[in-house]
Amino acid sequence: MILKNGNIVTNTGILENTDVVIDGDRIAAQPAAGDHTVIDAKGLFICPGFVDIHTHGGGGGDFMDAEDDAFDKAIAFHSQSGTTSLVPTSVTAPVEQITDMLELVRRYKTRPDLPCRILGAHIEGPYISLKHKGAQPEQFLRVPARDSYQFILDNRDCIKTVTIAPELDGAAEMAAALKEAGIVVCGGHDDGDKPSIMPVIEAGLSHCTHLWCTMSTVSMRDGVRNVGLCELGLTDDRLTVEFIADNHHITPDMVKLICKCKCPDKLCIVSDSLRAGGMPIGDTLYILGRKQDADAQKFLVSDGVARLPDGSRLAGSIQPLSQMVRNLVQDAGVPLHDAVTMASLTPAKIIGEDRRIGSVEVGKLADICILDKALTVKMTITGGKIVYDALQ
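Residues numbered from 1 in each chain as written. Predicted model: local features only at pLDDT ≥ 70, side-chain atom pairs only at ≥ 80, totals over all residues. Heavy atoms only, no water.

Structural notes on the packing of aromatic side chains
Aromatic ring pairs: the centre-centre distance and the angle between the two ring planes describe each pair.
Working step 1: Across all of its chains, the model carries 4 aromatic pairs by this definition.
Working step 2: Their ring planes at 50 degrees and their centres at 5.0 Å tell us that Phe71 and Tyr108 sit as a pair that is tilted. With a gap of 37 residues between them, Phe71 in helix 1 (residues 68-79) and Tyr108 in helix 2 (residues 95-109) connect regions that are remote in the sequence. In this pair, the class of Phe71 matches that of Tyr108, namely buried.
Working step 3: Taken together, the aromatic side chains of Phe63, Phe71 and Tyr108 make up a single cluster linked through ring pairs.
Working step 4: Its end group placed over the ring of Tyr108, Arg111 keeps NZ or CZ at 4.8 Å from the ring centre. (Phe/Tyr/Trp six-rings, centres within 6.5 Å; stacked < 30°, edge-to-face > 60°. Helix = DSSP H or I, 4+ residues; strand = E, 2+ residues; numbered from the N terminus. Buried < 20%, exposed > 50% of the residue type's maximum accessible area, 1.4 Å probe, protein only. Lys NZ or Arg CZ within 6 Å of the ring centre and 35° of its normal.)

Quick notes on the sheet that holds strand 9 (residues 83-88)
Note: strands within a sheet are paired through backbone hydrogen bonds, in either parallel or antiparallel orientation.
Working step 1: Spatially, 3 strands are ordered 6-9-10 in an open sheet, and the strand pairing comes out parallel. Each of the sheet's edge strands pairs with one partner strand only, and the pair in question is strand 6 (50-55) and strand 10 (117-118).
Working step 2: Sheet topology note: the strand 6/strand 9 ladder contains 4 bridges and is parallel. Along strand 9, the bridge assignment pairs Val51 with Ser85. (Pairing = 2+ DSSP bridges.)

Quick notes on helix 8 (residues 321-332)
Working step 1: The complete set of buried residues in helix 8 reads Leu321, Ser322, Met324, Val325, Arg326, Asn327, Leu328 and Ala332.
Working step 2: Of the residues one or two after helix 8, Gly333 is the one with positive phi, at around 70 degrees.

Some remarks on the nonpolar core
For soluble globular proteins, nonpolar side chains are generally found buried alongside one another.
Working step 1: Judged by nonpolar contacts, the single largest core of 103 residues is most densely connected at Ile152, Val162, Ile164, Phe243, Ile269, Phe299 and Leu328.
Working step 2: The element best represented in this core is helix 2, accounting for 7 residues.
Working step 3: Ignoring any residue separated from it by four or fewer positions in sequence, one finds Phe243 in contact with His210, Leu211, Ile250, Val255, Ile258, Leu267, Cys268, Ile269, Val270, Leu328 and Met342.
Working step 4: Membership of the second largest hydrophobic core comes to 16 residues, among which are Ile46, Val360, Met379 and Ile381. (Core = buried A, V, L, I, M, F, W, Y, C linked by side-chain atoms within 4.5 Å. Contact = heavy atoms within 4.5 Å.)

Quick look at the sheet that holds strand 14 (residues 205-208)
Working step 1: As summarised here, the arrangement of the 6 strands in space is 11-12-13-14-17-18, forming an open sheet in which the pairing is parallel. Two strands close off the open sheet at either side, each with one partner strand: strand 11 (121-124) and strand 18 (267-269). Taking each pair of neighbouring strands and ignoring which way they run, the sheet shows an average axis angle of 30 degrees.
Working step 2: Alignment of strand 14 against strand 17 (residues 240-243), held across 2 bridges, turns out to be parallel. Paired with His207 across the bridge in strand 17 is Thr240.
Working step 3: Sitting on the sheet, helix 2 is in contact with strand 11 and strand 12 (159-164), with an inclination near 165 degrees to strand 11. (Axes fitted to C-alpha atoms, helices over the stretch in contact; angles between N-to-C directions.)

Pasting the structure below:
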């Protein structure tokens, strides 16, 4: 396959009127002998496929449902939106439900036929703070020093990232154990301050989960003012940061501030999308987490975002990464190549996958998202196969 005369979006700029050659599942330097499918990409942007390292679902499916149908619905929603790699994300729940989800993640990781590959799981909770639990159920919260996290270590083969609140008793020891197991340690849903957070960073915490959302910030405690994880995420060069660029969780003005503090190689966007992504809005009451649970958290969608039924707080996003790239460029003035980097190469680096995905480079997997001038997804190619085509 040859993509002709497109504008290739790299992490440093845009290569205009350039061809991309795909040989099998890889990007190649030269076309192999024989006939080739040629796609005219003139006037279009050829981007690396997007990499979403924090998503709960979409298309009516939540990964916590732990059913093939839910996984398939969510994967279809994201692949049609230019995302070619996903990290399914849990919510705070009984350990048995989380491990049920991990079993499907493990099985889906090995499937070569998916329109959007599964890279591993993100465990968001249950080791988070009560104060900043967000929409997550408090009855299942755990404390590292009191409650075992051995189930995470036992499933290290299919877990990419884990979010913990660094002020919890035993968080530093947990961070060190997870790092030793090859798992990226994320800070979030916390109520910490600098004195409680710094030892956990030293122990292995390297990434911040959805900046500003259910996260500690500047506070006065015992007569002393300290920064929180939000400010440390923006100023500590050891930390990478993710944010939800849906114009609700993070507004365009907040994006501008974030981008003044961090370069694109330390920033990534995440969808944090719920099962309502791509679904009808209005009076439909959706479930956060496993649909089989009668007492699961419910949410509504209004004004383009998910909220708790009483409207007291946001519950999550309903937008895919492609919409967020568009928000960054059109509403926050972020250069297209920086916005795309935050949706592809940087998240791939954060989870150690950038040698094979995240950029349009010879030798890497042929994961490509083609956008038109309005930054609407026109085609998704995963592993050299066209899985979504709106160019026809």
